[in-house]
Amino acid sequence: MANLDLEQLFNESNCNINKEKSEAERKKGCTKKAKPGLAAGGCAFDGAQTVLLPVADAAHLVHGPISCSGNSWDNRGTRSAVSQFYRIGFTTDVGENDVIFGGEKKVINACKEIKQKYNPPAIFVYSTCVTAMIGDDLDSACKKASVELGIPVIPVHSPGFVGSKNLGNKLAGRALLEHVIGTGEPIFTTPYDINLIGEYNIAGELWQVMPIFRDLGIRILSSISGDSTYKELTYAHRSKLNVVICSKALVSLAEGMKQKYDIPFIEGSFYGMRETTKTILSIAEALGDEDLIKRAKEYTRKKEEETKERLKPHISLLRGKKVLLYTGGVKSWSMVFMLEELEMEVIGTSIRKSTEKDIEKLRHAFEKNQKALIEQGGAKDIIRIMEENKGDILLAGGRNMYTAIKGRYPFLDVNQERVYPFAGYDGLVEIAKHMVNTIYSPVWKYAENSLFMESAL
Amino acid sequence: MGIDKELNIKDHLKLFREEEFKELFRDKASKYESKIPEDEINKIKEWHKSREYHELNWSREALVINPIKACQPLGAYLAAIGFEKTLVYSHGSQGCNAYFRTHLARHFKEPFPACSDAMTEDAAVFGGYNNMYEGLENAYTLYKPEMIAVNTTCMAEVIGDDLNAFIKNAKDKGHIPQDLPVPYAHTPSFVGSHIVGYDNMMHGILSQMSTPSGEKKDRINIIVGFDTYIGDYREIKRILDLFGVDYILLSDPSDILDSPANGEYKMYYGGTKLEDLKDAANSKATILLQKYTTKKTQELLKEWGQDVRVVNPIGIKGTDELMMAISGLTGKPVPEQLEIERGRAVDAITDSYYWIYGKQFAFQGDPDLAYGLSRYLMELGGEPVHVMCTNGTKDWVEDMEKLKEEFPQGKEMNVYMGKDMWHLRTLLIQEFVPFLIGTSYHKYVERDLNDLGFPLKLIRIGYPIHDRHHLHRFSIIGYQGAIQLLTWIVNSIFDYIDNDTKGMATTDYSYDIIR
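What counts as what
- Counting restarts for each chain, with residues numbered from 1 along the sequence as it is written.
- Just so you know, chain letters begin at A and ligand numbers begin at 1, following the order they were written in.
- Selection of residues for local features in this predicted model requires a pLDDT of at least 70, selection of side-chain atom pairs for listing and counting requires 80 or more, and totals for whole chains, interfaces and linings are taken over all residues.
- Labels follow the DSSP assignment, with helices taken as runs of H or I lasting at least four residues and strands as runs of E lasting at least two, numbered in each case from the N terminus.
- Our radius of gyration looks at C-alpha atoms and nothing else; its globule reference is 2.2 Å times the residue count to the power 0.38.
- Counts of 20 or more other C-beta atoms within 10 Å of a residue's own C-beta define buried residues, counts of 12 or fewer define exposed ones, and intermediate counts define partly exposed ones; C-beta atoms are placed from the backbone.
- Note that contacts rest on C-beta atoms placed from the backbone: two residues are in contact if these are within 7 Å.
- Pairing between two strands is assigned when DSSP locates at least 2 bridges connecting them.
- An automatic or database domain assignment is the source of the domain bounds shown.
- What a helix should span is 1.5 Å times the count of its residues minus one.
- Axis geometry follows a simple rule: fit a line to the C-alpha atoms, using only the stretch in contact for helices, then measure angles between N-to-C directions, giving values from 0 to 180 degrees.
- We call two directions roughly parallel when the angle between them is under 35 degrees, roughly antiparallel when it is over 145, roughly perpendicular when it lies between 65 and 115, and oblique otherwise.
- Gly falls in the polar group here, along with every residue not listed as nonpolar (Ala, Val, Leu, Ile, Met, Phe, Trp, Tyr, Cys, Pro) or charged (Asp, Glu, Lys, Arg).
- We define the nonpolar core as any set of buried residues of the types Ala, Val, Leu, Ile, Met, Phe, Trp, Tyr and Cys, connected via C-beta atoms lying within 7 Å of each other.
- If you view the pair so one helix is near and one far, a crossing is left-handed when the near helix is turned anticlockwise from the far one by less than a right angle, and right-handed when it is turned clockwise.
- pLDDT is a residue-level measure of predictor confidence that goes from 0 to 100.

(A) Geometry of the overall build of chain B. Within chain B, the secondary structure is distributed over 21 helices and 13 strands. The C-alpha radius of gyration computed for chain B amounts to 25 Å, which stays within 12% of the reference 24 Å derived for 515 residues, consistent with globular compactness. Referenced to the eigenvectors of the C-alpha coordinate spread, the extents of chain B come out at roughly 75 × 60 × 55 Å. In chain B, which comprises 515 residues, the proportion classed as buried is 47%. Counting contacts in chain B only where the partners sit at least 6 residues apart, residues at least 24 apart contribute 72% of the total.

(B) Focus on the sheet that holds strand β3 (residues 123–127) of chain A. Residues and elements named next belong to chain A. Read across the open sheet, the four strands follow the order β2-β1-β3-β4; overall the sheet is parallel. Sheet topology places β2 (90–91) and β4 (153–156) at the edges, where each strand pairs with a single neighbour. As paired elements, β3 and β4 share four bridges and run parallel to each other. Opposite isoleucine 123, over in β4, you have valine 153 as the bridge partner.

(C) Seen up close, the domain arrangement of chain B. Residue and element names in this part refer to chain B. Looking at chain B, the domain boundaries give domain 1 (70–310) and domain 2 (352–501). Using C-alpha coordinates to define each centre, domain 1 is positioned 30 Å away from domain 2. Across the contact, 24 residues belong to domain 1 and 20 residues belong to domain 2.

(D) Representation of helix α15 (residues 315–330) of chain B. Along its 16 residues, α15(B) runs 23 Å from first to last C-alpha, staying within 8% of the 22 Å computed at 1.5 Å per residue. A positive phi of about 75° marks B:Gly331, the residue just after α15(B).

(E) Representation of the packing of helix α17 (residues 367–379) of chain B against helix α18 (residues 394–406) of chain B. Residues and elements named next belong to chain B. In the contact formed by α17 and α18, the axes pass within 11 Å of each other and the chain directions differ by 0°. When the axes of α17 and α18 are compared, the pair comes out roughly parallel. Taken together, the residues of α18 that come into contact with α17 (itself represented by Pro367, Tyr371, Ser374 and Arg375) are Trp396, Asp399, Met400 and Leu403. Taken together, the residues of the contact of α17 with α18 sort by class into five nonpolar, one polar and two charged.

(F) Structural view of the interface of chain B and chain A. With 31 residues of chain B at the interface, the matching set in chain A holds 21 residues. Contributing elements (two or more residues each) for the side of chain B that touches chain A: α15, α16 (336–356) and α17 of chain B. With 10 residues, α16(B) is the single largest residue contributor to the side of chain B that touches chain A. Of the residues contributing to the side of chain B that touches chain A, the split by class is 17 nonpolar, five polar and nine charged.

(G) Unusual backbone geometry, seen in detail. For the bond from A:Ile224 to A:Ser225, the omega torsion is 10°, close enough to zero to count as cis. By the element assignment, A:Ser225 lies in strand β6 (residues 219–225). Of note, the bond from B:Tyr463 into B:Pro464 is cis; its omega dihedral lies within 30 degrees of zero at 0°. Relative to the helices and strands, B:Pro464 is located in the loop between β13 (457–460) and α21 (478–501).

(H) A look at the nonpolar core. Core analysis: the biggest nonpolar cluster contains 134 residues, and B:Tyr77 and B:Ala80 have the highest contact counts within it. By residue number, the principal contributor to this core is α21(B), which donates eight residues. Both of domain 1 (70–310) and domain 2 (352–501) of chain B provide at least three residues apiece to this core. If we ignore the near neighbours within four places in the chain, the residues touching B:Tyr77 are B:Val88, B:Phe100, B:Leu104 and B:Ala114. Counting residues in hydrophobic clusters, the runner-up holds 113 residues, among them A:Ala56, A:Ala58, A:Ala284 and A:Met344.

(I) Structural detail: the pairing of strand β3 (residues 147–152) of chain B. Residue and element names in this part refer to chain B. Of all six residues in β3, six are buried; the element is thus mostly enclosed. By the alternation rule, side chains of β3 split into Met147, Ala149 and Asn151 and Ile148, Val150 and Thr152, which are all buried. Judged from the six bridges that link them, strand β1 (residues 86–91) and β3 form a sheet pairing that is parallel. Residue pairing across strands places histidine 91 opposite threonine 152, the latter belonging to β3. Bridge analysis of β3 against strand β4 (residues 184–185) gives two bridges, and the strand direction is parallel. Following the sheet pairing, asparagine 151 is matched in β4 by alanine 185.

(J) Structural detail: α17(B). With 13 residues, α17(B) should reach 18 Å at 1.5 Å per residue; the first-to-last C-alpha distance of 18 Å fits that figure. When you tally the buried positions in α17(B), you get 13 out of 13 residues, the bulk of the element.

(K) A look at the packing of helix α7 (residues 104–118) of chain A against helix α9 (residues 138–149) of chain A. Residue and element names in this part refer to chain A. Contact pair α7 / α9: the axes reach a minimum separation of 9 Å and the direction vectors enclose 30°. The pairing of α7 with α9 is recorded here as roughly parallel in orientation. For the pair α7 and α9, the crossing hand works out as right-handed. Residues Glu104, Val107, Ile108, Cys111, Lys112 and Lys115 of α7 form the contact with α9, whose participating residues are Ala141, Lys144, Ala145 and Leu149. Split into classes, the residues belonging to the contact of α7 with α9 amount to six nonpolar, no polar and four charged.

(L) Up close: the environment of B:Gly231. All names here are of chain B. Structurally, glycine 231 can be placed in helix α12 (residues 230–243). Note on glycine 231: 22 C-beta atoms within 10 Å, which makes it buried. Considered as a pair, glycine 231 and leucine 471 are 240 residues apart in the sequence and their alpha carbons are 9.6 Å apart. Apart from residues no more than four positions distant in its own chain, glycine 231 is found in contact with Arg473, Phe474 and Ser475.

(M) Quick look at the confidence of the model for chain B. Overall, the predicted model of chain B reaches an average pLDDT of 95, with 100% of residues at or above 70. In the predicted complex, the global pTM is 0.90; the interface-specific ipTM is 0.84.

(N) Representation of the domain arrangement of chain A in the model. Residues and elements named next belong to chain A. Segmenting chain A into domains produces domain 1 (6–180), domain 2 (193–297) and domain 3 (312–446). Elements represented by at least two residues in the side of domain 2 that touches domain 3 include exactly α11 (205–216), α13 (247–261) and α14 (273–287). Of the residues contributing to the side of domain 2 that touches domain 3, the split by class is 10 nonpolar, six polar and four charged.

Right, dumping it as structure tokens:
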């Protein structure tokens, strides 16, 4: 129905688990099916939007009934200085008649109207559960619309039922690889052109690290996809290096680009001082320029010194505080390092959305003292671990935030709805400041004691 | 609506922007107004921003500019109107009376019945007793009150009218019945402020209307203080009912100042029953919800031999103290319902506190509100940086200094007494903070600062609020009140952020749907 080629999507040669799997198992992929009856995370459609919505000047048309668009409308903290166009919620608003007679025409007509009214450089069309099930041929509809309108109309096969959010990330990556990357050319190239993959500029984190690249003379050719234009994605294949920021989500895209365009990739993270430095140095090394490597070393050393100085007053307040990290992907380990740099004690981290590589890194980090690696999460477990370990603060996403609050634990949102950016050297100072503010907020004192008991005595 | 459009009728918001009027104004300005040149105005504006101007402003000794306080009778009015079938009566000039009624009516959007004996020049020379006799008689005949609460304005105080003697004579001479209760208080405007007037009137009514019989009843009195949030009176009653406590709320204006539109006007509506008032001295204890507004009254209550507790039930800690006071005095546990409400309030705070922590605030208003709100802001993680009370007193400053020590957020708090709104204006220019909590009058400070390039945002909490509707209906005390205050504060922060980020294609990358 959804015309998915899972085999290709999970062709991740670097993955340790894949290496050990039999041919047949590998074909099945590794995406975990949600257990029926349990509260679950977002669907593939949501995951596809995660990756593509930051393409700010493109139109994003959701082919489905109202709620697919309605519930996801402008729901991510991704920021753009290019345009606020991506905040407009376009949908075909599929109704009963469309379910019976098919919705392909509606897609074409909707694209026409978008073109007429807004004239965007491209339109992404997302399929959803309903439109995949009724068998709308999205590819052909998009092709027709594209020919007629003279702009790229990209089908994104992302019906929610195919799997998790993470699978949706990959599906979006495939749409980019098949339909977008390689369709344009940059005005010029330099030997210092890189792509960032998986950095969505949530809360402005891309912007927070951009000065580092500017200072070192490295050009971000294409940002995939934070604060990006459609055009810059089309020439991503001309970059010298792919830097994958959120490893699990789009490592398949990097793999694909390696095969198709012979672009090497490295993985990195901008959370914490040490990781930021490491990422910058490995970019410099991968680009292979001696002078750049020298400059990068000097630059990162200076930055680290500065940052340490700025952190001093915060660290004195954070030292030894126990923190539970409940997030996904690369953050599960990179933020551990970040927190350790603040001399905090990490009592556990979740690994539900992490790759085997991520987990390996974690095992290494936690070697000395065995900490909780939380596989299957959930509100109750979080509160239990916080209780057992006498945690001081929980770092997680919006869905768990309100749970933490019920558990009366100081909380900082580090996921998609986070309000403050935490990337790079500045981000470390920022997160330190916010953790101090949240841990030392007087409200927790009130939350702890029960008047009821006191007065009854 | 429709007819206005048809006839092209415009109100003052639009009419005078028409070319015809613009021309008229321009013409008048250029020919007759010796208008100050634009660059001169800009020069002065710049000067206003300077440290020099600020220091000159703060060294003012004689002139007061835009004081944030009212005078004694206004407070006395609010205290008196909360008693059953009680006529508020002002011995003095009629104009004062008209002012207070207007001022209070503008805040509550309700009629505020009160009368005056309209002293004139001859009264100033020969004494105001004739006005008093005639006034009391007319007021009694016309408005048929069961109690008349007499306060004074400056005029009567300057000539030294003896209220006690006047009222006694009025009764002896038969102007009013002997048994009509007429408690009184001297409330000169030139001493203290409206909160002192509230205290004097409350003291006058209690001391003259109630005497201890020696027997102590298992009941507590509640005195709310100069509180212009109608919901607070209802909230304290609800809390006491949940406790199942026997109580007397001394002065309860929640009915008369929030009466239903049901086709008739009642001059007297609700209020503390006079028989309860008479028995108030026999309660074993009194809880007062304001401190600096009830100093003299507290003395009286102690003379009565009551257990006197003063709490400031704004915010979580303040309400906790109220709960413990009620529980401690009555031996009853805090009802589960209130425990749940407390949990909800804490939950609400934790939903929002990360938008408030680290944010800096200024406050100007009454001392009790200043204390409660500053503490609550700090509970939210906010930093009250400038706390200013035109009518603040030394003991208030001392208390505030102690409060500073209780929270790390109080590190930068500055406490000012006796300063007016013009002091606040230049202070905010010199030491800017983005949020100001104040009254309707503070909209001028907000506008001035905005005009000078400072993005100040006013959050209206206090008295008076003339330019926004219905805020006075809510409660700001108790756990429910904490949620209400939080709502106003955090949403004002969002308004501020939205306004700051709405620039088309400039700052709107942060103009978010989710906050």
